[in-house]
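One letter stands for each residue in the lines below.
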Amino acid sequence: MEGGRETVMCTVVAVDHTNSFCYRVCSVCEKPLPEDTSRCKFCDHKAFNHSGSSGSKRLFRVLMSIATDTKVFVVVCFDRAARVLFGCSANEFFDFAKLHPFAAATAGDVLTGEVLRMTLSKPKNGNAQHMRVVSVVPLRSGFRPAMESLRELYGLFLQ
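Below you will find a few notes about this structure. (Residues numbered from 1 in each chain as written. Predicted model: local features only at pLDDT ≥ 70, side-chain atom pairs only at ≥ 80, totals over all residues. Heavy atoms only, no water.)

**Overview of the layout of surface pockets**
Quick note on the threshold: Each cavity reported here is a set of points on a 1 Å grid over the protein atoms alone in which a 1.4 Å probe fits but cannot get out, each pocket an open set with protein on both sides within 12 Å along at least five of seven lines, and each lining residue one with an atom within 4 Å of a point. Grid points are joined across faces, edges and corners, and a volume is the space filled by probe spheres set on the points. Comment: elements are numbered from the N terminus, with helices defined as DSSP H or I runs of at least four residues and strands as E runs of at least two. In this count, Pro and Cys sit with the nonpolar residues alongside Ala, Val, Leu, Ile, Met, Phe, Trp and Tyr, while Asp, Glu, Lys and Arg are called charged and the others, Gly among them, polar.
Here the largest pocket is characterised by a volume of approximately 720 Å³. Forming the walls of the largest pocket are 27 residues, and the residues nearest its centre are Tyr23, Val76, Phe78, Asp79 and Arg132. Those elements that place two or more of their residues in the lining of the largest pocket are strand 3 (56-67), strand 4 (72-78), helix 1 (79-86) and strand 6 (131-138). Considering every element that reaches the lining of the largest pocket, the biggest residue donor is strand 3, with four residues. Classifying every residue of the lining of the largest pocket gives eleven nonpolar, seven polar and nine charged.

This is how it looks when you write it as structure tokens:
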């Protein structure tokens, strides 16, 4: 592993849809926020924030099992890499999943079997259990992001 990073060719074996695919963060500083609040205690008290509220947004955090030629293991795919696989923001996926309760499970099914090139790094947090996906490149020529497939499946063709 060079510089704490490793690039692998892999296949998605499974995507964990039992946990939330995303989490809420402050839209200014991106610190994680509890699900029951959309205000950041840190940013709401800063002078540069004149609106009185920092607001929130969602970022992806997707656990998936991948298989390389030598092993099967779990990785965590955060927002930048997950956007490649989903083809949308975490906010958009969250809103879609509210209207279509099986969207997370179906997205996992859509991504299962995809062949990818992933660059992985060791977790930054000492308590983290899984390698992080730094970048992902789909290798199948006909790859479509999960959101495109979901829209088609649910009959939501966007012009």
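On we go from here.
**Some remarks on the packing of aromatic side chains**
Selection criterion: What counts as a ring pair is set by centres within 6.5 Å for rings of Phe, Tyr and Trp (its six-membered ring), and what kind of pair is set by the plane angle: stacked under 30 degrees, edge-to-face over 60, tilted for all other angles. Burial classification: accessible surface area is computed with a 1.4 Å probe over protein chains only, and a residue below 20% of its type maximum counts as buried, one above 50% as exposed, and the rest as partly exposed. Charges are assigned to positions over rings by a cutoff of 6 Å between ring centre and Lys NZ or Arg CZ, combined with an angular limit of 35 degrees from the ring normal.
The tally for this structure, following the rule as stated, stands at six aromatic pairs. Look at phenylalanine 86 and phenylalanine 93: their rings are 5.1 Å apart centre to centre, the planes differ by 70°, and that puts the pair in the edge-to-face class. Exposure remark for phenylalanine 93: the relative accessible area of 3% places this residue in the buried category. Grouping aromatic residues by their ring pairs yields a cluster made of Phe21, Phe60, Phe86 and Phe93. If you follow arginine 58 out to its NZ or CZ, it ends over the ring of phenylalanine 94, 3.6 Å from the centre.

**What about the environment of cysteine 22?**
Test applied: Throughout, a contact is declared for two residues whenever any of their heavy atoms are within 4.5 Å.
Considering the arrangement of structural elements, one finds cysteine 22 in strand 2 (residues 22-26). Using a relative accessible area of 4% as the deciding quantity, one classes cysteine 22 as buried. Along the sequence, cysteine 22 and valine 62 sit 40 residues apart, while their C-alpha atoms lie 7.1 Å from each other. Aside from chain neighbours lying at most four places away, what touches cysteine 22 is Arg58, Leu59, Phe60, Arg61, Ala90 and Phe94.

**Some words on the pattern of salt bridges**
Stated precisely, the cut-off is as follows: What counts as a salt bridge is simple: a side-chain nitrogen of Lys or Arg found within 4 Å of a carboxyl oxygen of Asp or Glu.
Throughout the structure, instances matching the rule amount to seven salt bridges. The shortest N-O distance in the salt bridge between glutamate 92 and arginine 151 comes to 2.1 Å. You can see glutamate 92 sitting in helix 2 (residues 90-99) and its partner arginine 151 sitting in helix 4 (residues 146-153), a full 59 residues away along the chain. Look at arginine 151 and you get buried, because its relative accessible area is 16%. Taken together, the salt bridges that share partners define one network made up of Arg144, Glu148 and Glu152.

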